[in-house]
Amino acid sequence: MSLSQTNCEERSLIFTDVSPMSCMMGAQPELAKWVRDHPNWTVSRWQCRYLNRTERKA
């Protein structure tokens, strides 16, 4: 499959009240579970970031 035919999706895991280090450490096992449960997909990149305060109230 060529890159032009690749389907990409952005997904989010939301952790609240954790430090950036906790996010980095906690995200890796969650990503591994996701990859195991979705064998036809791959994770190309991921990041930890703060939840926008307006999103937090929703």
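You'll find the structure just up there.
What this report covers is the structure whose coordinates are included nearby. Note that the coordinates shown come from a computational prediction; the quantities given were computed from them, not determined experimentally. (Residues numbered from 1 in each chain as written. Predicted model: local features only at pLDDT ≥ 70, side-chain atom pairs only at ≥ 80, totals over all residues. Heavy atoms only, no water.)

## Focus on the state of the cysteines
Disulfides are covalent bonds that link the sulfur atoms of two cysteine residues. Tallied over the full model, the rule gives one disulfide. With a sulfur-sulfur separation of 2.0 Å, cysteine 23 is cross-linked through a disulfide to cysteine 48. Here cysteine 23 and cysteine 48 share a disulfide; its torsion about the S-S bond, -90°, makes the bridge left-handed. Within this pair, whereas cysteine 23 is found in helix α1 (residues 20–37), its partner cysteine 48 is found in the loop between α1 and α2 (53–57), the two being separated by 25 residues in sequence. (Disulfide = S-S within 2.5 Å. Helix = DSSP H or I, 4+ residues; strand = E, 2+ residues; numbered from the N terminus.)

## Comments concerning the environment of serine 22
Within the fold, serine 22 resides in helix α1. For serine 22, a relative accessible area of 40% translates into the label partly exposed. Measuring from C-alpha to C-alpha, the distance between serine 22 and cysteine 48 comes to 9.6 Å, with 26 residues separating the pair along the chain. (Buried < 20%, exposed > 50% of the residue type's maximum accessible area, 1.4 Å probe, protein only.)

## As for the pattern of salt bridges
The tally for this structure, following the rule as stated, stands at two salt bridges. Its salt-bridge partner being aspartate 37, residue arginine 36 comes within 3.2 Å of it at the nearest N-O pair. Look at arginine 36 and you get exposed, because its relative accessible area is 58%. (Salt bridge = Lys/Arg side-chain N within 4 Å of Asp/Glu carboxyl O.)

None of this, on its own, says anything about what the molecule does.
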